[in-house]
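Below are the chains, spelled out letter by letter.
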Amino acid sequence: MNIANDAQQKIEAYLTRLRRNLRGLRAAEVDEIIVELRSHILDKASAEGEPNAASVDAALRRLGSAEELAAAYITESILAQAEVSRSPWRILGSLFRWATLSVSGFAVLVACIVGYSLGAALFLCAILKPLHPQTAGLWVIPSNTGDWGLSLRMGFASAPANGHELLGWWMIPAGLILGTGLVLLTTRFVLWCARKYRQSRALP
Amino acid sequence: MYCIVSCVNAPSTQNDSAEKWEVQLRKGCLELAVLAALWSGSLYGLEILRRLESDSDLVVSEGTVYPLLSRLKTLGLLRSEWVESDAGHPRKYYVLTPAGKKRTAEMAAVWERFSSSMSKLLAPVSKGR
């Protein structure tokens, strides 16, 4: 196929931007996406004769901006991966990519890190309670100003002065259940956000 | 299917929200529409888009369908193969896997049940319009 130089350049510029925004997806996957879309653009632009700058422009407009298209690929990939495996690591990995592309992705990433860390801390505290029976647990600690604060302690330091421990041995079931629950809830929240994002963008 | 049900619940008192409702409804159907387009054989991306436009009045944004195809592939509902074309560039053809066929048949059954009960409900509305 003969294709005008400027048309070719437009296609490659678009695909380069797309590739840059897809970084983080598996390399083989990105390569396939690029080849598939190059083929789509060429087919679309040559529907009425040799592809030229105008027909390439029209084909690219129908695809949307490279950034939007990349964000669509990444949210679809988060949703697909989550259906295959709900591993927090994989979800976090995809979220980091989404966060680099949009403000909403970044907000979801922050919420996800907070949820997973708190869940993991509760779980860890429950496990450490038998090893540090006197110091691990959820402590209420009064401060000088008359307020009081809650502190989740793993028990490696000495018991805080004037503080008292809230849950006692109940820390073990509470930590295990709440910790696991929080991690699962955070995952569901991330998927809900990805679905909402997809719904808000897909189709004109 | 969840999307379709939730769309039906959405209020549509004004013209604007009726339009929004239609958009949501179309989005909810897209996955089934793509799977159904592949029911009788393998197609590449642009053929799927053309099939959706000619066999239905689903006007689909191209930037939506390619990422959707990639998700359906990750889920194991589709597999793909590259075929050299006369045009000089390879095309990526998609085929339903056995799991994809099963999912399509299930979704189609749900859709048919749903649309026939909706038609019954809507009969008096259509007559009275």
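Please read all numbers here as calculations on a predicted model, not as lab measurements.

Student: Help me out: how do you make sense of the nonpolar core in this one?
Tutor: Note on soluble globular proteins: their nonpolar side chains tend to be buried together. Counting residues in hydrophobic clusters, the biggest one holds 50 residues, and the most contacted among them are Ile41, Ala70 and Tyr73 of chain A together with Val65 and Leu69 of chain B. Top element by residues in this core is helix H4 (residues 66–84) of chain A. It accounts for 10 residues. Split by domain, this core shows at least three residues from each of two domains, domain 1 (1–63) and domain 2 (88–204) of chain A. Beyond its immediate sequence surroundings of up to four residues, tyrosine 73 of chain A is in contact with Leu22, Leu25 and Ile33 of chain A together with Pro67 and Ser70 of chain B. Among the nonpolar cores identified, the runner-up in size contains 8 residues, and Cys125, Leu128, Ala136 and Met171 of chain A belong to it.

Student: Would you mind showing me how to read the pairing of strand S2 (residues 78–84) of chain B here?
Tutor: Moving residue by residue along a regular strand, the side chains alternate between the two faces of the sheet. Residue and element names in this part refer to chain B. Bridge analysis of S2 against strand S3 (residues 90–96) gives 7 bridges, and the strand direction is antiparallel. Residue pairing in the sheet places tryptophan 82 in a bridge with lysine 92 of S3. The turn linking S2 back onto S3 is made up of 5 residues, and glycine 88 within it adopts a positive phi angle of 100°.

Student: Help me understand the sheet that holds S2 of chain B in this model?
Tutor: The strands making up a sheet associate through hydrogen bonds between their backbones, and the pairing can be parallel or antiparallel. All names here are of chain B. With antiparallel pairing, the 3 strands of this open sheet are ordered in space as S1-S3-S2. A strand with exactly one partner marks an edge of an open sheet, and here the two such strands are strand S1 (43–44) and S2. Examined bridge by bridge, S1 and S3 share 2 bridges and lie antiparallel to one another. Bridge pairing in S3 places leucine 43 opposite tyrosine 94.

Student: How do you make sense of the sheet that holds strand S3 (residues 164–165) of chain A when you look at a structure like this?
Tutor: Residue and element names in this part refer to chain A. On the basis of which strands lie adjacent, the open sheet formed by 3 strands has the order S2-S1-S3 and antiparallel pairing. In this open sheet, the two edge strands, each paired with only one partner strand, are strand S2 (148–153) and S3. Of the pairings in the sheet, the one linking strand S1 (residues 137–142) to S3 comprises 2 bridges and is antiparallel in character. Bridging across to S3, tryptophan 139 finds its partner in glutamate 165.

Cut-offs applied
- Residues numbered from 1 in each chain as written.
- Chains lettered and ligands numbered in written order.
- Predicted model: local features only at pLDDT ≥ 70, side-chain atom pairs only at ≥ 80, totals over all residues.
- Core = buried A, V, L, I, M, F, W, Y, C linked by C-beta atoms within 7 Å.
- Buried ≥ 20, exposed ≤ 12 C-beta atoms within 10 Å, placed from the backbone.
- Helix = DSSP H or I, 4+ residues; strand = E, 2+ residues; numbered from the N terminus.
- Domains from an automatic or database assignment.
- Contact = placed C-beta atoms within 7 Å.
- Pairing = 2+ DSSP bridges.

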